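Results of the structural survey
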Amino acid sequence: CDRSFTFKNLSDSGFNNFIWYFGDGDSLVSNEPFINHTYKFKGNYLLKLRGFDQYGYSQWYSDTVFFFEKPKANIQMQYSQGCQFVAFTFIDSSIVDTAFNNKIIHTWNFGDGKDTIIFTSKKGINYLLNHTYTQRGTFTVKLIINNGFCEDTFEIINTVNILSAPKPGFSVQSLNWCH
């Protein structure tokens, strides 16, 4: 997800002059074994290398370079305060650049030491996610987004405040009864 690439020339020693075509309209004449190039825009680029020997014979090599934007993890919340035992809603509003139907991995840590949720999706669509806190306190929530090439982390530090509340529930004395 870096805009700058380093390419290595693996051509035979019989070639002594080289022209690099980067697929974005830029080219370079160089005999150096390592070449650096920075792409301005995300996308797929056809990289070509043309080698020449001392007699003028040339040969081409080409490959495709894929450049993706780094994902931008983001969490939104409608409220920063909630109650114990009541689902607290988070919105995963991350921006993710994908290709080849890559799965996006969402790793959540809710700060209460109980749950880390990992799930995959196909696109970077806003996801609603509910988490129920069973302890009161102030929690830090972290989301890590990975698109298969690179990742980004977003953290809400000491922002989720969970208030004390009675634990809901009921009990049944006997499971055997007649109707």
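Overview of the structure. (Residues numbered from 1 in each chain as written. Predicted model: local features only at pLDDT ≥ 70, side-chain atom pairs only at ≥ 80, totals over all residues. Heavy atoms only, no water.)

1. Focus: the packing of aromatic side chains
As a reminder, the rule being used: Two aromatic rings from Phe, Tyr or Trp, using only the six-membered ring of Trp, form a pair when their centres are within 6.5 Å; if the ring planes differ by under 30 degrees the pair is stacked, by over 60 it is edge-to-face, and anything between is tilted. A simple rule labels every residue: compare its accessible area, found with a 1.4 Å probe on the protein chains alone, to the largest value its type can have, and call it buried under 20%, exposed over 50%, or partly exposed in between. The rule for a charge over a ring is simple: NZ of Lys or CZ of Arg within 6 Å of the ring centre, and within 35 degrees of the ring normal.
Evaluated as defined, the whole model comprises 14 aromatic pairs. On the basis of an interplanar angle of 10° and a centroid distance of 6.0 Å, the ring pair of phenylalanine 5 and phenylalanine 7 is categorised as stacked. Taking relative accessible area as the criterion, phenylalanine 7 reaches 10% and is therefore assigned buried. On the numbers, 4.7 Å between centres and 25° between planes, the contact of tyrosine 133 with phenylalanine 139 is stacked. Across the pair, phenylalanine 139 and tyrosine 133 agree in class, each one buried. Chaining the aromatic ring pairs together yields one cluster made of Phe5, Phe7, Trp20, Phe22, Tyr39, Tyr45 and Phe67. When the ring centre of tryptophan 60 is taken as origin, the NZ or CZ atom of lysine 48, which lies over that ring, is 5.6 Å away.

2. Notes on the environment of threonine 140
How we decide: A run of H or I in DSSP counts as a helix once it spans at least four residues, and a run of E counts as a strand once it spans at least two, with each numbered from the N terminus. Working rule for contacts: check all heavy atoms of both residues, and any pair within 4.5 Å makes them a contact.
Tracing the backbone shows threonine 140 in strand 13 (residues 137–146). For threonine 140, a relative accessible area of 22% gives the class partly exposed. Sequence separation of threonine 140 and phenylalanine 67 is 73 residues, and the distance between their C-alpha atoms is 33 Å. The residues touching threonine 140, leaving out its near neighbours within four places in the chain, are Asn109, Phe110, Gly111, Glu155, Ile156, Ile157 and Asn158.

3. A closer look at the sheet that holds strand 11 (residues 116–121)
As a reminder, the rule being used: Between any two strands, pairing holds if DSSP finds at least two bridges. Working convention: axes come from line fits to C-alpha atoms, limited for helices to the stretch in contact. Angles between N-to-C directions cover 0 to 180 degrees.
Reading across from one edge, 8-14-13-10-11 is the order of the five strands in this open sheet, with mixed pairing throughout. What marks the edges here is a single partner per strand, and that holds for strand 8 (81–83) and strand 11. In this sheet, adjacent strand axes meet at a mean angle of 30° when their direction is disregarded. Relative to strand 11, strand 10 (residues 104–109) runs antiparallel, the two sharing six bridges. Bridge pairing in strand 11 places threonine 107 opposite isoleucine 118.

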